[in-house]
Structure formats: structure tokens, C-alpha cells
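Listed here are the chains, written in short residue letters.
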Amino acid sequence: VKRSKVSPQPEKKDEDEEEEEEERKESAGALQWKDGLAQKAAEAFLRQQSATPNLRKLVYGTVVQDEKDNEDETELGGLFRVSRPEKSKREHADALDCSRFAPDASHDWDQEEMLASIRDCFVTGTWEGDKD
Amino acid sequence: MANKGLVYDGCNFFRQRLVLSLLSGKRVTIRNIRSKDDNPGLRDFEASFIRLMDKITNGTRIEINQTGTVLSFQPGLLYGGSVEHECNPQRSVGYCLEALLMLAPFMKNSLRAVLKGVTNDQMDPSVDTLKASAIPLMKKFGLDGEGLELKVVKRGMPPGGGGEVLFTCPVRRTIRPVQLTDPGKIKRIRGTAYSVRVSPQMANRIVDSARSILNKFIPDIYIYTDHMKGANAGKSPGFGLSLVAETTNGSFLSAELVSSPQGQGDPALPEDLGRKCATLLLEEIYRYTSVTRWTVSIEDALSKLGCDGGFVDSTNQSLSLLYMTLGQQDVSKALLGPLSPYTIAFLRHVRDFFQIMFKMEAQKHEEESQKGGDKVLMTCVGAGYTNISKTLK
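All chains use their own residue numbering, which begins from 1 and follows the written sequence. For this description, chains carry letters from A and ligands carry numbers from 1, given in the order in which they are written. Confidence filtering applies because this is a predicted model: local features only for residues at pLDDT of at least 70, side-chain atom pairs given and counted only at 80 or more, and all residues used for totals across whole chains, interfaces and linings. By convention in this description, side-chain values take in all heavy atoms of the structure and omit both hydrogens and water.

What about the overall build of chain A?
Now for step 1: In terms of regular secondary structure, chain A is built from four helices and two strands.
Now for step 2: Here a helix means four or more residues in a row that DSSP labels H or I, a strand means two or more in a row labelled E, and each is numbered from the N terminus. Along chain A, from the amino end to the carboxyl end, the secondary structure elements read α-α-α-β-β-α.
Now for step 3: Here a residue-residue contact requires only that any non-hydrogen atoms of the pair lie within 4.5 Å. For chain A, the proportion of contacts with a sequence separation of at least 24, taken over those separated by at least 6, is 5%.
Now for step 4: Per-residue and other accessible areas were derived by the Shrake-Rupley procedure at a 1.4 Å probe size, with only the shown protein chains allowed to occlude residues. Summed over its atoms, the accessible surface of chain A is roughly 10300 Å², and 53% of this surface lies on carbon and sulfur atoms.

Below, the structure written as C-alpha cells:
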């Protein structure tokens, strides 16, 4: 009857001795974290994977390019092809060679919270415990 | 010719490709330069850039086809020495200077370049910003001494130009590996507010409005006002502001803003410009310190085909990465903010030319700390590049 309440280690159910059963129940709480460790680890790993992008892959990975764009070029009388500046494909090949990275203007620096978000970057902000 | 070397398409990342080609000695061919454009081929400023590359080298072979859509570049020896160059006013001196900063330490003779043209424009990093952020960064890599100097002799605003810049840089046999992982905290902000051919009061008005924002964070702010007159003022009127935040560990973050060229765009009020520029600096600080935004920004960056923050600010990411690549065979580390599209392209080019790939780790920021967004830690082993052409004395 007791078993139906808490039975974290079902493989040991067969044992009959009441005393041992009691002991097991006491230690059960402490051992619960061991259940399904592999599965937990797998979940944590997947969570981590989805949260942090693989930067290396993003930077060095092969760029998937649409080769289809070439095919749907319109022909005029079967002789001439209309040559248009390409928009989607190789969009960056002929872009402006400029190292400046335009910051996104989505942050409203009039807001107190925005100002607070970088306060600790300055020597006037709070310092970590181990440094001063 | 049978061997075309590395082949690329399009005119984007033009400077990166030529610079890496010169450093690695690999031939490069760039095809389809604006081939579908109404006005195909190389532009004047690119031609001017090629001419500059020709001036600082010996034995470089350049072939351009009739329409200017194909460029074949066989790099020669980086010679250096004294060079004077008229930069095309379509792009500012910063355009050429960025490439020279990358090449200068690896020349045979130390470089002394006089560049004429537009000193500050809205597209490229201005001379003031490079002076305040790139030069201290170069010192981190062991490029110091009195020979390293960047000076604005005359200021020139677009569209007329007429400015003059002096850049000198010593040569090194090897570049020191670096560990730029802990930027520390920002201890002071410096800046230059300049005005030419307008009322000198403009610069003061810029300074006042920029200070009104930055003073909320730190009291140690000094913004120089630089008003040039007469022959030193160039041919066009304009004003602007360049700000640099310095951290306790010697990292420099920059932001800048320039008034629109005469007769183009909306006329700017100096107050607005000062305020906006201060905000840009805050944005840069946020990026440099920030890590959740990273996820969004890298996708965003790749879609725009860029990211920044960390020890090195967005303007100088590729410069620091190049020096890390060409360092001694030792581990170099640098903390960057979200990478910019330009930097991502640069990393790909470095892989093509030097077969060096960086290890990238996203650094999450701690929730409770008020230190802005996401960063990325870049690690690589230097190529063990030695400047064998350096003259021995």
C-alpha cells in the first residue's frame, strides 16, 4: 500500500522486507535527481544549442545561393535577354565597400532603462566583488 | 593567363581582397564588377585606390579589361617609403587609410603617406576616429614608437575635399600576439568637434549638446573644438563630431557623425548632431558590452551581409583580426561585439587567403549586471607571418 505512494525505483519493487523498503524511501528523495540523467543532459544540450547559434557555422558555412534566378530571365524574340540589376541573388556582390556598420536605431536612448543598461560599463557604475 | 589565383565576383569588399592579396602574395581576380549596372565597371575611387596600391608596392601587375568589369591583380613587394596620393573625393581618405593601416607594418621601408582629399564624410570612418581608436589598437600589437602617427594637416569636407592627412608607421618583423579579453570599464570620453567654413560657434554648440547626454554617466569628458581657417579649411563647409570612450584596460570605442555635404540632404542643427552622436556612442558601448542581442544581430548581420562590441569597436574589428591572423604562432584572443557584415566577409576572406579560421564563442551576459548586450570571443593561432622584406639596419 505504501509503495503506491512513492516508488522512484520500480526495479527494486520485488523486495519484500519491510525494513529495507522504509530505508529506501528515506533515501529516495536524495537519489531522485539521478533519474533519467541522460535524457536531462540531452535536453539541456538541445536547449543550449538552440539558444547559442553556432557562430562558426554561420560565418564559415557555405552560403546557399539561389541558382534559379538565372533561369527565369525573360527573352525578347529569342535573341536578346533583358539584363536587369540583380536584386535577390548575390545581393551583396556589388554593394558598397564600406566597413562602417550602421547601428540599429531601435534603442530609444531617452528611456531611463536604456541608460541604466550600460551604467556598469563605466567606472562610475558598480564593480564586481573581486575587483576594485 | 592560366592561373587566375583566387576568383571573386563583384566590387564589394574590394579593399579587403587587394590587401589580403598583397599580404599573402596570392594573385586575385575580381570579375563581374558592376556588370549588370547601368554604369558598369570600376569607379573612379576604386581606380584611385588601385593606383595607391601600385605606389606603395614594387612589381605589382594590374590588368583591367576594357569595360572595367574584370580586374586581375598580381601582388608585388610591399615597398613603402614616402608616398603622396590624391584620394578621389567620392570617398574619404578613411577609405584608403583603412587599407594602409593594415598594410603599413609589413612593408620594406616604413611608410610615410600624405593623403589628400576628403577627411571626414558620412560613409567611411573619419581620420579623427581612426586616429583615436585604430592607432591605440595598433600599439597593443607592438606597433609603437614615435614613428606611428596620424595627423590632420588640413581638413576637407565633401563634396569639395581639399584636406590633407599625414600617416607614418614603423615596420615590424613580427606582430605580437594579444589577449584582448577584458576591456575593463570606461574611464573617460574624449572627442573632437570640428567645423570648417562655418561659424566657429558650431563646434561649441555640438560639444554642449553631446556633453548633456554623456555627463549622466561620467564626469571625465573632454571634447576638443577644432576650427580650421583659410587654406587649412578645405573647399567645402561642414562640421561634425567624433567621440571616443577609453576603458581602464586601454580599449577604445568610437562613434562619429558628420553634417550632410553642402547642397545634399537635410541641413543638420549642431545640437541635434551632438546629441545623436552621443547616442551612437552609447549604442556602441551597448554593443561592445552586450551578449543576448548577439543571436538576433548575427542573423540580422548575415542577412545584410555584419556584428560588433567587446574590446575592439566596430570600426576596427577587421584590423584587429588581421593582426591576430598575421601574428606569431601563438594564441591570440579578442573580445568583439556583434560582428559586422564587413567583418564576417573579412573572416571568410582570411580563410581563403591564409587558411586561418577563428574559434568563436558567444559570451552571454549576466542577467543582473548592467553591462549592455552580447559579445563574441575570437580566438586564433597566428600564421607566424614574418616580414622578410623589412630592411635590416
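Concerning the pairing of strand β7 (residues 80-86) of chain B
All names here are of chain B.
Now for step 1: Here, a strand pair is defined by DSSP locating no fewer than two bridges between the strands. For β7 and strand β8 (residues 109-117), the ladder comprises six bridges, and the chain directions are parallel. Following the sheet pairing, Ser82 is matched in β8 by Arg112.
Now for step 2: A crossover links β7 with its parallel partner β8, the connecting element being helix α3 (residues 93-103), and its sense is right-handed. Seen with its strands pointing away from the viewer, a crossover is right-handed when the path leading from the first strand over the helix to the second is clockwise.

Some words on the sheet that holds strand β5 (residues 71-74) of chain B
All names here are of chain B.
Now for step 1: If you walk across this open sheet you meet the four strands as β1-β2-β5-β4, and the pairing is mixed. Each of the sheet's edge strands pairs with one partner strand only, and the pair in question is β1 (6-9) and β4 (61-64). Taken over all neighbouring pairs, the strand axes of this sheet differ in orientation by 15 degrees on average, direction set aside.
Now for step 2: As judged from the four bridges shared by β4 and β5, these two strands associate in the antiparallel manner. For Ile64, the partnering residue across the bridge sits in β5 and is Leu71.
Now for step 3: Axis definition: a line fitted to C-alpha atoms, limited for helices to the stretch in contact. Angles are taken between N-to-C directions and run from 0 to 180 degrees. Contacts from helix α1 (residues 14-24) reach β1, β2 (28-31) and β5, with the element oriented near 165 degrees to β2.

Brief notes about the environment of B:Leu100
Residues and elements named next belong to chain B.
Now for step 1: Structurally, Leu100 can be placed in helix α3.
Now for step 2: Residue classification places Leu100 among the buried residues on the basis of a relative accessible area of 0%.
Now for step 3: For Leu100 and Leu111, which are eleven residues apart along the polypeptide, the C-alpha to C-alpha distance reads 9.0 Å.
Now for step 4: Apart from the residues within four sequence positions on either side, Leu100 is in contact with Leu52, Ile56, Leu111, Ala113, Leu115 and Phe167. Residue burial is assigned from relative accessible area. The probe radius is 1.4 Å, only protein chains are included, and a residue is buried under 20% of its type maximum, exposed over 50%, and partly exposed in between.

What about the sheet that holds β8(B)?
Residue and element names in this part refer to chain B.
Now for step 1: Ordered in space as β7-β8-β10-β9, the four strands form an open sheet in which the pairing is mixed. A single partner strand is all that each edge strand has here, and the edge strands are β7 and β9 (149-154). Neighbour-to-neighbour, the strand axes of the sheet open up by a mean angle of 10 degrees, direction not taken into account.
Now for step 2: With seven bridges joining them, β8 and strand β10 (residues 163-169) adopt antiparallel strand pairing. Within β10, the residue paired with Lys116 across the bridge is Glu164.
Now for step 3: Seen against the sheet, helix α2 (residues 44-56) touches β7 and β8 and runs at an angle of roughly 160 degrees to β7.
Now for step 4: Each of β8, β9 and β10 is contacted by α3, which is oriented at about 170 degrees to β8, the strand it contacts most.

Overview of the UniProt feature "domain: RNA 3'-terminal phosphate cyclase insert" (unreviewed entry) in chain B
Now for step 1: UniProt positions are given in the numbering used here, feature names are shortened, and annotations may be inferred rather than shown by experiment. Feature annotation in UniProt places "domain: RNA 3'-terminal phosphate cyclase insert" (unreviewed entry) on residues 181-285 of chain B, given in this structure's numbering.
Now for step 2: In residues 181-285 of chain B, the share of helix is 29% and the share of strand is 34%. The end C-alpha atoms are 16 Å apart.

Observations regarding the nonpolar core
In globular proteins that are soluble, nonpolar side chains generally tend to be buried together.
Now for step 1: What makes a nonpolar core is a set of buried Ala, Val, Leu, Ile, Met, Phe, Trp, Tyr and Cys residues whose side-chain atoms join them at distances within 4.5 Å. Formed by 82 residues in total, the largest nonpolar core has its most connected members in B:Leu23, B:Phe167, B:Phe358 and B:Met360.
Now for step 2: Of the residues forming this core, the biggest block, nine residues, is contributed by α3(B).
Now for step 3: Counting 33 residues, the second largest nonpolar core, distinct from the first, contains A:Trp109, A:Met114, B:Leu214 and B:Cys277.

Quick look at the side chain of B:Thr325
Residues and elements named next belong to chain B.
Now for step 1: By the secondary structure assignment, Thr325 is in helix α8 (residues 317-325).
Now for step 2: Judged by relative accessible area, which is 0%, Thr325 ranks as buried.
Now for step 3: Not counting residues up to four positions away in its chain, the partners in contact with Thr325 are Val350, Phe354, Ile356, Phe358, Cys380, Gly382 and Ala383.

Looking at the confidence of the model for chain B
Residue and element names in this part refer to chain B.
Now for step 1: One confidence number per residue, pLDDT, is output by the predictor and ranges from 0 to 100. Across chain B, pLDDT averages 87, with 90% of residues at or above 70.
Now for step 2: A low-confidence stretch, residues 290-309 stays under pLDDT 50, and its non-local contacts, those more than four residues away or across chains, total 92 contacts.
Now for step 3: Interface predicted TM-score (ipTM) for the complex: 0.74; the corresponding pTM is 0.82.

Topic: unusual backbone geometry
Residue and element names in this part refer to chain B.
Now for step 1: The linkage connecting Pro158 with the following residue, Pro159, adopts the cis geometry, with an omega of 0 degrees.
Now for step 2: Note that Pro159 resides in the loop between β9 and β10.
Now for step 3: Positioned with a positive phi, Phe13 is a non-glycine residue whose angle comes to about 60 degrees.
Now for step 4: By secondary structure assignment, the location of Phe13 is in the loop between β1 and α1.
Now for step 5: Although it is not a glycine, Arg34 sits at a positive phi angle of roughly 50 degrees.
Now for step 6: Mapped onto the fold, Arg34 is located in the loop between β2 and α2.

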